[in-house]
Amino acid sequence: MATASDPPSANGVKKSTPAEKKYKCQYCNRAFSRSEHRSRHERSHTKERPFKCAKCKSTFVRRDLLLRHDRTVHAKDGDRLQPETRKKSGPKTSSSTTTPSKPSISIEPGTLEQIEASSDGMLDLETAAMLMTDFQHKAAAAANGTLHNDEGSIPEYSPDRSSVLDSTDYLTGPAGSLHMPWDFMPAAPSDEKAHSMSSSMSSQDNSSQQPYVHMGSIQPAQSQLSAVMERQDSLGTSMPPAFPTLADTFPVSGTPTPNALSPFPSMTGPVSPVNYRRSPGPSQALTLPKAPQIANDDQRASIANKLGEGMTIPATASINLYLSTYFNLFHHHMPFLHPVSFRPETTEPALILAVLSIGALYNFEQDQAFILHNGSKKLVNQFLQNKENFDSRKCPLWTMQATLLNMLFESWSGGSQGLEWACSIKSLLANMVAGNKYELKLRTEARGDMVPSHESWVAEEGCRRTYYAVYIFFGMLTMTYNHTPAISFQEFDSLPLPSSESLWNIEPSDEESWKDIFAASTTITVRQAHDSLFQGDPARYSAFATRVMINALYLEVWNLRRSFESLQDVVLEWKIRIALETWQRSLDLCEPETVVVPLSTPHKSHPLIFNSMAVYRNTRAFLEVDLKSVQEALRYHNPYEVAAAMTLSRDIVKRSKEMIKVIEQCYECLEIVAMQGINWVARTSSTNWSVEHPLCGLDLVTILSLWLYRIEHDDQEATEEELALYMKVRSLFDENAVDGLSSTVARVWGEMLDGVVVWGISKTMGEAFKHHGQALIGYVDDIELNPVDGMPQMPDQTMIGMEASY
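Here's what I pulled together on the structure shown here. (Residues numbered from 1 in each chain as written. Predicted model: local features only at pLDDT ≥ 70, side-chain atom pairs only at ≥ 80, totals over all residues. Heavy atoms only, no water.)

1. Focus: the side chain of Arg-710
Tracing the chain through its elements places Arg-710 in helix H25 (residues 692-713). Of note is the side chain of Arg-710, whose polar atom sits 2.9 Å from the backbone oxygen of Val-653. Residue contacts for Arg-710: discarding those within four places in its chain leaves Arg-650, Asp-651, Val-653, Lys-654 and Arg-655. (Helix = DSSP H or I, 4+ residues; strand = E, 2+ residues; numbered from the N terminus. Polar contact = N/O pair within 3.5 Å; in protein donor to acceptor, adjacent residues only side chain to side chain. Contact = heavy atoms within 4.5 Å.)

Rendered as structure tokens:
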């Protein structure tokens, strides 16, 4: 290690010396390079709260928390706290340059107060990054014309559904309301730098600093911890420049801007390569059809004429924008609509409004999204109420599809009332699936062995895909909220699994060529795939089928854990474990996909397989740990209650060899984010990845944080295997960024979920993880999360990935 007296290196640059950690905590083995860091840490032992609010009874362990509390809670009083005055050397100068065509940007005073209060007159790297990030967000917001309040911040959004449409929901169900603000983060300038991740431990000799675990104290070797949670520069996002952007690949016609797939095109990330497992060469790759669009105002008028009285639709350009965001961003995660034959001007208005509502969500226009969503609910409700002698067998497919999208909208939008409405009509949608499936069975049996025409096959495949989409959605409700499954696996016993996405999107030149294509395609039923998995024989099916089968296996585990008889069935549990291993091996046999999906995922596979892997990790964890109390608390969308349920589940997470395998799955979930870069994921995953990832991460990261907490605090010393896995997790973070690894993991995950929000449920879970992280280190502060300017706060003491900047 170089010292201050070491000669310069060969290139003439003297290596910097790590600061000496001479300030030791009097309560544990921790040491710090600065006395204020030691004092701040010791308050976690003493529970001292020296900073008191002059306007209420709140107390805090740090002054910056007090200032943040005053900014957000007492900002309306007009009498804000001022930081302590400090003498600074040198004259204080300032300069500003204004441009007539752009609004001026100013740093928020509260940000300067926080920086001054926490830096003791010195601007360290973390503080500088906070200042630059704040300035960047204000500049991007001003450039988009959204800085229009006194403090130059993006206003909160809290839609009032009752004022959107004066209509009743399906079967007089209550309308949900969103309790959390939906704020978003503008993208940073794209000066990309790709930082490689190194999860391996240092090979240096650690004999003098061998880490140990005893009474909650872990002292790792200094050289082993590397910061790899960033893949960006100090100003913001970073994406590999090797791939074209989404807007370059799929230009949107009729939209306000060329890159209008979202307000911030860089959120979409790079396009995944075509290498979908055993995909053909690039020359054989098929470009997906362009998102359906309306050609002119006349087609818009034809849609508007079908709407009820008092209902309107957006302008033509906005409709095309919402259609593009739906089919380019959301559709690939649940592809039950047929983009090639989808005609907005002739489709039922209820389905069009449901599609547009989700498209508006992905365009971060929540107000418009709720207007469209409530309009769709009203139209479906009118259809059901006016239909005499209701029969689920006679419900058209669009009714089922619109209801599914509306339930999905309500379930993940972040409000408990919306979830309750979705649950109230869950049996209605299940009956629609059963009745429609029976009619499909009669039609296919009547046709016999005849090859269906392409048009007939599209209609039948669209029905099957809709059934499976409902099945998957109900499975996610079970996984997230512990809801009893509304559709069982036996419902689809002899039904063929979904086709490949390549076959689904193909446009044959004539019927003869279609017959050849159809004859070459493989068909496997749900029962055949299920039996193959449980017998240990990998099955070959499509990416969509992969998602269906892992959903079936998760529900098998759920039934195993919820049934008293099944709990005693050791053989059934053994068979399920074999089926899970076989399912994973079946990924190598997955039917090749030849379509280019404009989404960025860490794996070189179709997004449906990436989503399936998230559910697979959750299923493996569920075999060992049942976080039923956390799931049930999440039903009511109170982050404090969810965080309390997380913390109280500590005893459920055992320390055993079986748990090591679960923690490895949890680590993989965290490592995927680390490899991409935490801030990059926070900005892009909401529009690139499906909602499955934050929902599956709820259980996985909770288990990981509680296991880490037990390793840190149990009297029992860690085994070599446990210690190796603990250090493996810790290697993802900078050494100085960790003040309790269990707390750091929870808080970093919460910050990521709080980044850019499409689905409100991720906001609720993000806040819950932040509270959970504070509880794990003994703080009882009323943490002020996410100020009104919509900018996610940097984790205290957790400046991820800044080691490379040194």
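2. Description of the nonpolar core
Among the nonpolar cores identified, the biggest contains 173 residues, and Trp-412, Leu-497, Tyr-541, Trp-583, Ile-703 and Trp-759 are the most heavily contacted of them. Beyond its immediate stretch of four places on either side in the chain, Ile-703 contacts Ala-621, Val-625, Leu-627, Val-653, Met-659, Val-662, Ile-663 and Cys-666. Listed in part, the 6 residues of the second largest apolar core include Val-458, Trp-504, Ile-506 and Trp-514. (Core = buried A, V, L, I, M, F, W, Y, C linked by side-chain atoms within 4.5 Å. Buried < 20%, exposed > 50% of the residue type's maximum accessible area, 1.4 Å probe, protein only.)

3. Some details on the packing of helix H17 (residues 543-562) against helix H19 (residues 570-586)
Following both chains from N to C, one finds H17 and H19 inclined at 160°, their axes separated by 11 Å at the closest point. One way to sum up the angle between H17 and H19 is to call them roughly antiparallel. You can see that H17 and H19 cross each other, and the crossing is left-handed. Taken together, the residues of H19 that come into contact with H17 (itself represented by Thr-546, Met-549, Ile-550, Leu-553, Glu-556, Val-557, Leu-560 and Arg-561) are Leu-572, Glu-573, Ile-576, Ala-579, Leu-580 and Trp-583. Classifying every residue of the contact of H17 with H19 by side-chain character gives 10 nonpolar, 1 polar and 3 charged. (Axes fitted to C-alpha atoms, helices over the stretch in contact; angles between N-to-C directions. Parallel < 35°, antiparallel > 145°, perpendicular 65-115°, else oblique. Left-handed = near helix turned anticlockwise from the far one by under 90°. Nonpolar A, V, L, I, M, F, W, Y, C, P; charged D, E, K, R; others polar.)

4. With respect to the environment of Thr-702
Along the chain, the position of Thr-702 falls in helix H25. Spatially, the C-alpha atoms of Thr-702 and Val-653 are 9.6 Å apart, while their sequence positions differ by 49 residues. Once you skip the residues sitting within four places of it in the chain, Thr-702 turns out to touch Leu-627, Met-646, Gly-697 and Phe-769.

5. Side note on a negative patch on the surface
Residues Glu-455, Asp-510, Glu-511, Glu-512 and Asp-516 make up a contiguous surface patch of negative charge. Broken down by element, the residue count for the negative patch peaks at 3 residues, all from helix H15 (residues 511-520). By the secondary structure assignment, Asp-516 is in helix H15. For Asp-516, a relative accessible area of 57% gives the class exposed. (Patch = residues over 30% accessible without salt bridge, like charges linked within 9 Å, V, L, I, M, F, W, Y side chains within 5 Å. Areas by Shrake-Rupley, 256 points an atom, 1.4 Å probe, with all protein chains shown as cover. Salt bridge = Lys/Arg side-chain N within 4 Å of Asp/Glu carboxyl O. Lys, Arg positive; Asp, Glu negative; His and termini not counted. Charge placed at Lys NZ, Arg CZ, Asp CG, Glu CD.)

6. Details of the pattern of salt bridges
One pass over the full model with this rule turns up 20 salt bridges. The closest approach of N and O atoms between Glu-461 and Arg-465, which form a salt bridge, is 3.2 Å. Of the two residues, Glu-461 and Arg-465 both sit in helix H13 (residues 454-481), 4 residues apart, roughly one turn of that helix. In terms of burial, Glu-461 and Arg-465 fall into one category: buried. The partner of Lys-770 in a salt bridge is Glu-751, and the shortest N-O contact between them spans 3.7 Å. Taken together, the residues span a long stretch of sequence, with Lys-770 in helix H28 (residues 760-776) and Glu-751 in helix H27 (residues 741-753) at a distance of 19 residues.

7. Points about unusual backbone geometry
Phi at Phe-364 takes a positive value of approximately 60°, unusual for a residue other than glycine. With respect to the secondary-structure elements, Phe-364 resides in the loop between helix H8 (349-362) and helix H9 (366-386). With a relative accessible area of 6%, Phe-364 lands in the buried category. One non-glycine residue, Asn-482, lies in positive phi territory at about 60°. By secondary structure assignment, the location of Asn-482 is in the loop between H13 and helix H14 (501-504).

8. A few points about the packing of H27 against H28
Axis angle and axis distance: for two packed helices, these are the angle between their axes and the distance between the axes, and together they describe the pair. Viewed as axis vectors pointing N to C, H27 and H28 meet at an angle of 160°, and their least axial separation amounts to 7 Å. Taken together, H27 and H28 sit at an angle that is classed as roughly antiparallel. The two elements H27 and H28 meet at a crossing, and its hand is left-handed. Each of Ser-742, Ser-743, Ala-746, Arg-747, Trp-749, Gly-750, Glu-751 and Leu-753 in H27 lies in contact with H28, whose residues at this interface are Ser-762, Met-765, Gly-766, Phe-769, Lys-770, His-772, Gly-773, Gln-774 and Leu-776.

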